[in-house]
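One letter stands for each residue in the lines below.
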Amino acid sequence: MARIDKTPFEAEVTDLTHDGRGVARRPSTVPGEAGKAVFVAGALPGERVMAVQTARHRSYDEARTVEVLHAAPERVDPRCGHFGTCGGCALQHYDEGQQILAKQRVLLENLERIGHVKPGTVLPPLVDAAWGYRRKGRFSVRRVEKKDKTLVGFRESDPRFVADIAVCHTVIPQIGTKVEALGRLVDGLQARREIPQIEFIAGDPDAQFSGVALTIRHLAPLSDDDRSALVAFGQEHGFAIFLQPGGVDSVHPLWPEAPRLAFTLPDWGIEFLFKPLDFIQVNAGLNGRMIRLALDLLDAAPDDRVLDLFCGLGNFTLPLARSVREVVGVEGEAGLVARARANSAHNGIGNVQFHAADLGKDLSDQPWMREGFDRLLLDPPRSGADFVLTQLPLKQFTRIVYVSCHPASLARDAGYLVNEKGWKLKAAGVMDMFPHTAHVESIAMFEPR
């Protein structure tokens, strides 16, 4: 393969890709022929930039910005000095108000191009704090001999490398300001080359610690000195420390002896207890707003029976149970179902059922499938809900609310509901669960025709 020409070239940027890069075209050598598309990292629509090619593909090339010749009025100075190197963010150079509008365009384009549908109403974008919001995540860890230090952080744009960062402004401050300290901690351990990652999660403060838990993945047994160092770090910063020597089931507390991880939804008087590797929504402020919006769109009556698919810990199930006759939650991961049941008991909520079932497989033998429901709420993973939707007796529902973390799968499933099953896409909109990233969270509401 021929080497990539690294000669800088000028590019006029006309659009933004779904992952936050500028779209331009290189001039064609063939008269009258459109130039090849090039996706330029660090460039925004309306800009003229100097760029250097970084990769070649059949239908498009990749490049990075080396100089902005003409800046778009929406360009802002990134807060983080590591922006452009660290892969944790893609849009810090874009005005926050423009970021969410770009995500709205992604949603609407996907709905039209993939699903061939348009919402009757475009909901106002749902936003919350744009900084210090990330309460769950995973830092990669790597000892770098050339730098004589251990790096803790997110992967770089080139995922082979770990970003050398001291502070992360998108992570909640209790953790985001301690990234450098985490690096020093691991660098001082005998097992520093045997620790590939540290997961963090945060709930509400507890009497013993701050509510922040770190799970240290280690590929070899830890010495007594290393364990003591981890305990001391946890005590100093108020972090619960968990160890993970193997799979998910191997996770166990190091300090305190029995940490209590919990977060509350004050609007519904609910407290969720969870484990350190459980899925919880990353953005606590946005989560509360999202639940309220989902329940408003569902508009369930006090006598309704609601089916909540991909329910997890019961993030929507338990708030919904406060206002309807009964909610049935279904989730594929048995551990989350057990915690959901425990949380319903913990909160004294008796009008819920939880079932464990793989929603990507045949559900005909599931007893809950034969029960009658009035409304459907679903919050599937990136792969969407196409298989389970084909199995449900959809005519029983008077309304469907679909929460999505991937607009393409939502668009596909919306196309199925509208074009094959006769539903109407009454409303859809975006929610900024991950500001400064290209991740698009959205919500849609359907009604029968």
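Values in this document were obtained by computation on a predicted structure and should not be read as measured data.

### Description of the environment of L318
- For L318, the position within the fold is in helix α6 (residues 317–321).
- On the accessibility criterion, L318 (0% relative accessible area) is buried.
- Along the sequence, L318 and G246 sit 72 residues apart, while their C-alpha atoms lie 32 Å from each other.
- In contact with L318, other than residues within four places in its own chain, are I270, F272, N343, S344, N347, I349, V352 and F354.

### Brief notes about helix α4 (residues 224–237)
- Over its 14 residues, α4 extends 20 Å from the first C-alpha to the last, a length consistent with the 20 Å expected when each residue adds 1.5 Å.
- If you check which residues of α4 are buried, you get D226, L230, V231, F233 and G234. An end-on view of α4 places all buried positions within 160 degrees of arc, on one side of the element. Pointing more than 90 degrees away from the buried face of α4 are the exposed residues D224, D225 and E236.
- In this structure, the buried residues of α4 make contact with α3 (179–187), β11 (212–217), β12 (239–244) and β13 (252–255).
- In the segment just after α4, G238 is the residue with positive phi, at about 75 degrees.

### A few points about the UniProt feature "active site" (unreviewed entry) in the protein
- According to UniProt, the feature "active site" (unreviewed entry) maps to C405 in the numbering used here.
- On the basis of relative accessibility, which here comes to 17%, the residue C405 falls in the buried class.
- Not counting chain neighbours up to four residues away, the residues in contact with C405 comprise P380, P381, R382, H439, V440 and E441.

### Some points on the sheet that holds strand β5 (residues 48–56)
- Taken together, the six strands give an open sheet; going across it, the order is β1-β5-β6-β4-β3-β2, and neighbouring strands pair in mixed fashion. In this open sheet, the two strands that pair with only one neighbour each are β1 (9–12) and β2 (15–16).
- Pairing analysis gives eight bridges linking β5 to strand β6 (residues 60–70), with the strands arranged antiparallel. Among the inter-strand pairings, M50 is bridged to a residue of β6, identified as E67.

Parameters and conventions
- Residues numbered from 1 in each chain as written.
- Predicted model: local features only at pLDDT ≥ 70, side-chain atom pairs only at ≥ 80, totals over all residues.
- Heavy atoms only, no water.
- Helix = DSSP H or I, 4+ residues; strand = E, 2+ residues; numbered from the N terminus.
- Buried < 20%, exposed > 50% of the residue type's maximum accessible area, 1.4 Å probe, protein only.
- Contact = heavy atoms within 4.5 Å.
- Expected span 1.5 Å × (residues − 1).
- Arc of directions from axis to C-beta.
- UniProt positions renumbered as here; feature names shortened; annotations may be inferred.
- Pairing = 2+ DSSP bridges.

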